[in-house]
Amino acid sequence: MLSHQVERSRLPLFCYFCGIFGFPLWALSYGWVPFALIGRESGPIVTYIVVFGEAGGFLMGLLSVGSGLLARRHWQEPRERKLVSRGLTMGATVLGLIVGLNLLGLILWMVLG
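This one's a predicted model, so the numbers in the text were calculated from it and none came from an experiment.

Could you give an account of a nonpolar patch on the surface, naming the residues involved and the relevant values?
A contiguous nonpolar patch, built from Phe58, Leu62, Val99, Leu103, Leu106, Trp109 and Met110 and spanning about 750 Å² of accessible area, is present on the exposed surface. At the level of elements, helix 4 (44-74) and helix 5 (78-112) are the ones that each hand at least two residues to the nonpolar patch. With five residues, helix 5 is the single largest residue contributor to the nonpolar patch. With respect to the helices, strands and loops of the structure, phenylalanine 58 is situated in helix 4.

The following block contains the structure:
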């Protein structure tokens, strides 16, 4: 019984840290921008970094939102509730940035390209 309570108490921290780690991964997905600004072709390493950043940021956002929704059902203490709320907010922001800016880029590419 005690180990189950310890594992459950880690869920708010997991939600919070997934939300935090989603932002640097999202920033990695813009590794191609400096190459585009100077007019050079980015190499395959940059492509891998961009894909890793996009996929990792999306996964961290999903994990943050999913674990946050689970944790909200079980915790009523103010400290854990605050961690869960912040984690949910950060995870949803990361998801919105990744999906929203990718959709905006696709729309602009279709209209201008």
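The rest of the description comes next.
How would you sum up the layout of surface pockets? Please name residues and give values.
The calculated volume of the largest pocket comes to roughly 230 Å³. Forming the walls of the largest pocket are Ser29, Tyr30, Trp32, Thr47, Val50, Val51, Glu54, Leu101, Asn102 and Gly105. Where the lining of the largest pocket is concerned, the elements lending two or more residues are helix 4 and helix 5. When residues in the lining of the largest pocket are grouped by element, the largest group, four residues, is from helix 4. Among the residues making up the lining of the largest pocket, the classes are represented as five nonpolar, four polar and one charged.

Tell me about the packing of aromatic side chains, and please be specific about residues and values.
Per the counting criterion, the structure on display carries three aromatic pairs. Between the aromatic rings of tryptophan 26 and tyrosine 30, the centroid separation amounts to 5.7 Å while the plane-to-plane angle is 75 degrees, which identifies the pairing as edge-to-face. By way of ring pairs, the aromatic residues Tyr16, Phe17 and Phe21 are connected into one cluster.

So what about the environment of isoleucine 98? Which residues, and what values?
Summarising the element assignment, isoleucine 98 is placed in helix 5. With 45 residues separating them along the chain, isoleucine 98 and glycine 53 place their C-alpha atoms 9.8 Å apart.

Can you tell me about the pattern of salt bridges, naming the residues and giving the values?
A pair can form between side chains of opposite charge whenever their charged atoms are brought close. Applying the stated rule across the entire model yields one salt bridge. For the salt bridge of glutamate 80 with arginine 79, the shortest nitrogen-to-oxygen distance reads 3.8 Å.

Kindly report on the packing of helix 2 (residues 11-28) against helix 4, identifying the contributing residues and their values.
The contact between helix 2 and helix 4 brings their axes to 7 Å, and the two run at 155 degrees. Here helix 2 lies roughly antiparallel to helix 4, going by the angle between them. Where helix 2 crosses over helix 4, the handedness of that crossing is left-handed. Broken down by class, the residue content of the contact of helix 2 with helix 4 amounts to 16 nonpolar, eight polar and one charged.

Now, about the side chain of serine 29: what can you tell me, with residues and values included?
Within the secondary structure, serine 29 is located in the loop between helix 2 and helix 3 (33-38). A distance of 3.3 Å separates the side chain of serine 29 from the side chain of glutamate 54, its partner in a polar contact. Those residues in contact with serine 29 that lie beyond four places of it in its chain are Val50, Gly53 and Glu54.

Basis of the calculations
- Residues numbered from 1 in each chain as written.
- Predicted model: local features only at pLDDT ≥ 70, side-chain atom pairs only at ≥ 80, totals over all residues.
- Heavy atoms only, no water.
- Patch = residues over 30% accessible without salt bridge, like charges linked within 9 Å, V, L, I, M, F, W, Y side chains within 5 Å.
- Areas by Shrake-Rupley, 256 points an atom, 1.4 Å probe, with all protein chains shown as cover.
- Salt bridge = Lys/Arg side-chain N within 4 Å of Asp/Glu carboxyl O.
- Helix = DSSP H or I, 4+ residues; strand = E, 2+ residues; numbered from the N terminus.
- 1 Å grid on protein atoms, 1.4 Å probe; cavity = no way out; pocket = protein on both sides within 12 Å on 5 of 7 lines; lining within 4 Å.
- Points joined across faces, edges and corners; volume = space filled by probe spheres on them.
- Nonpolar A, V, L, I, M, F, W, Y, C, P; charged D, E, K, R; others polar.
- Phe/Tyr/Trp six-rings, centres within 6.5 Å; stacked < 30°, edge-to-face > 60°.
- Axes fitted to C-alpha atoms, helices over the stretch in contact; angles between N-to-C directions.
- Parallel < 35°, antiparallel > 145°, perpendicular 65-115°, else oblique.
- Left-handed = near helix turned anticlockwise from the far one by under 90°.
- Polar contact = N/O pair within 3.5 Å; in protein donor to acceptor, adjacent residues only side chain to side chain.
- Contact = heavy atoms within 4.5 Å.

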